[in-house]
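Notes for the structure review
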Amino acid sequence: MKTIVVEQLKYRYPLTQTLALNELSFEVEEGEFIGIVGKNLAGKSTLCQALIGLVPHFYHGGYGGRVIVDGLEVGKSQVDEISKKVGIVFQNPFTQVTGSKLTVYEEIAFGLENLGVPRAEMIDRIDHALDLLQMLPFKDRAPFDLSGGQMQRMAIASIIAMRPKIIVLDEPTSQLDPQGSEEVFRAIQSLSREGMTVIMAEHKMEKVAQYADRVLLLHEGRLIDFDRPEKVFSRDDLDQYGIAAPVYTEVCKALDAKIAGEPYYPATLDEACKALVMRRE
Ligand SMILES: Nc1ncnc2c1ncn2[C@@H]1O[C@H](COP(=O)(O)OP(=O)(O)OP(=O)(O)O)[C@@H](O)[C@H]1O
Ligand SMILES: [Mg+2]
């Protein structure tokens with residue numbers, strides 16, 4: 001089932017001349033993990049905002065085409081209606097914390113209280129979200145006593161507790177140290193394994209290759225490619241779009257080690273090991 005359908009989406013911010021999104025069309029199946037890549041200002045964040053309806057409802061500007069999330073047309077729906085279907089996590093976990101709650105548990109409960117979720121269900125949902133993000137040991141901690149990685153996982157847990165079908169993450173680990181990033185990527189992977197549709201804008205290509213089912217390559221607001229990581233990262237013209245392929249792809253390219261039976265180079269450590277071992281035999 002298609003959970004996201006984008007048809008000829010065009011968008012221009014107010015008081016600007018160029019299109020931030022230019023004739024984008026693509027579809028995402030339920031449960032897919034999509035990595036959005038592209039150099040700075042390619043339009044990744046703008047596309048994320050378009051999936052949750054802040055484009056056009058908050059930013060205004062020129063808008064054309066259609067975005068449909070879980071059957072709801074974003075351009076014609078209220079943001080609070082859309083937010084029941086799609087949750088968003090931003091770069092900086094600090095900006096997502098209410099600042100008024102004493103514990104992680106209360107922080108996660110906050111959104112649910114606002115939705116008027118009955119108490120028993122609320123407890124169920126919070127426990128599940130904390131468990132999924134491995135945050136149960138921190139449930140009584142003060143939100144600002146957490147590490148960056150823990151705080152971002154708390155922010156994700158708050159979103160998950162709202163039970164959206166789709167989660168959009170805009171460079172969720174760009175402010176975190178390597179350990180915090182790893183924790184967050186693993187957490188996102190567990191959401192994906194639970195069947196949630198995950199859309200993640202990300203600059204770390206090794207991570208995109210490792211986790212994403214498909215990669216959406218944006219350049220100057222246009223969709224250049226939307227395919228399996230190894231296909232996108234094997235393109236010869238990647239540097240034209242300001243993208244460096246994962247280091248595994250580069251090494252395999254240099255040694256001309258392709259994936260068995262395919263015309264593409266490996267994009268992950270696992271695939272690279274297999275291709276290199278095969279080449280030696
Ligand atoms: N609030 C805004 N008002 C006007 N123009 C904007 C605004 N936000 C982004 N833009 C423009 O829209 C285009 C796409 O920017 P966007 O922030 O979506 O890129 P990005 O791929 O997320 O970049 P980065 O990798 O730096 O996060 C750019 O030309 C940018 O200047
Ligand atoms: Mg951005």
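Residues numbered from 1 in each chain as written. Chains lettered and ligands numbered in written order. Predicted model: local features only at pLDDT ≥ 70, side-chain atom pairs only at ≥ 80, totals over all residues. Heavy atoms only, no water.

Notes on the packing of aromatic side chains
Geometrically, a pair of aromatic rings is defined through the distance of the ring centres and the angle of the planes. Quick note on the threshold: Centres within 6.5 Å make a pair out of two Phe, Tyr or Trp rings, where for Trp the six-membered ring is used; the pair is then stacked when the planes are under 30 degrees apart, edge-to-face when over 60, and tilted otherwise. Only protein chains enter the accessibility calculation, which uses a 1.4 Å probe; a residue whose area is less than 20% of its type maximum is buried, one above 50% is exposed, and one in between is partly exposed. Strands here mean DSSP runs of E at least two residues long; helices mean DSSP runs of H or I at least four residues long; both are numbered from the N terminus. Geometrically, a charge over a ring is one whose NZ (Lys) or CZ (Arg) sits within 6 Å of the ring centre while staying within 35 degrees of the ring normal.
For the structure on display, the rule yields six aromatic pairs. Look at Tyr 11 and Tyr 13: their rings are 5.0 Å apart centre to centre, the planes differ by 75°, and that puts the pair in the edge-to-face class. Look at Tyr 11 and you get buried, because its relative accessible area is 0%. The interplanar angle of 90° and the centroid separation of 5.6 Å between the aromatic rings of Tyr 13 and Tyr 59 together place this pair among those described as edge-to-face. In this pair, Tyr 13 is assigned in the loop between β1 (2–12) and β2 (21–29) and Tyr 59 in the loop between α2 (54–57) and β4 (62–69), connecting sequence segments 46 residues apart. Assessed through its relative accessible area of 24%, Tyr 13 is described here as partly exposed. Taken together, Tyr 11, Tyr 13, Phe 58 and Tyr 59 form an aromatic cluster joined through their ring pairs. Sitting over the face of the ring of Phe 226, Arg 214 holds its NZ or CZ atom 4.0 Å from the ring centroid.

Some thoughts on the site of ligand 1
Note the threshold: Any residue with at least one heavy atom within 4 Å of a molecule or strand is counted as near it. For this analysis, a polar contact is any N or O atom pair within 3.5 Å, provided that within protein one partner can donate a hydrogen and the other can accept it, and provided that sequence-adjacent residues contribute only side-chain to side-chain pairs. Exposure was quantified through the Shrake-Rupley algorithm and a 1.4 Å probe, taking into account, for residues, occlusion by the shown protein chains and nothing else. In this classification, Asp, Glu, Lys and Arg are treated as charged, Ala, Val, Leu, Ile, Met, Phe, Trp, Tyr, Cys and Pro as nonpolar, and every other residue, Gly included, as polar.
The full set close to ligand 1 counts 14 residues, and Leu 41, Gly 43, Lys 44, Ser 45 and Thr 46 are the nearest of them. Note that an oxygen atom of ligand 1 is positioned 2.7 Å from one of the side-chain N or O atoms of Lys 44. Thr 46 is positioned such that a nitrogen or oxygen atom in its side chain is 2.5 Å from an oxygen atom of ligand 1. Contact with the protein chains removes 66% of the 630 Å² of surface that ligand 1 exposes when unbound. The class makeup of the residues in the shell around ligand 1 is five nonpolar, six polar and three charged.

Let's talk about the side chain of Asp 225
Here is the rule we go by: Whether two residues touch is decided by their heavy atoms; if any such pair falls within 4.5 Å, the residues are in contact.
Here Asp 225 is to be found in strand β10 (residues 222–227). On the basis of relative accessibility, which here comes to 16%, the residue Asp 225 falls in the buried class. Within polar-contact distance, the side chain of Asp 225 engages the side chain of Arg 235 at 2.8 Å. Setting aside anything within four residues of it in sequence, one finds Asp 225 in contact with Val 215, Leu 216, Leu 217, Val 232 and Arg 235.

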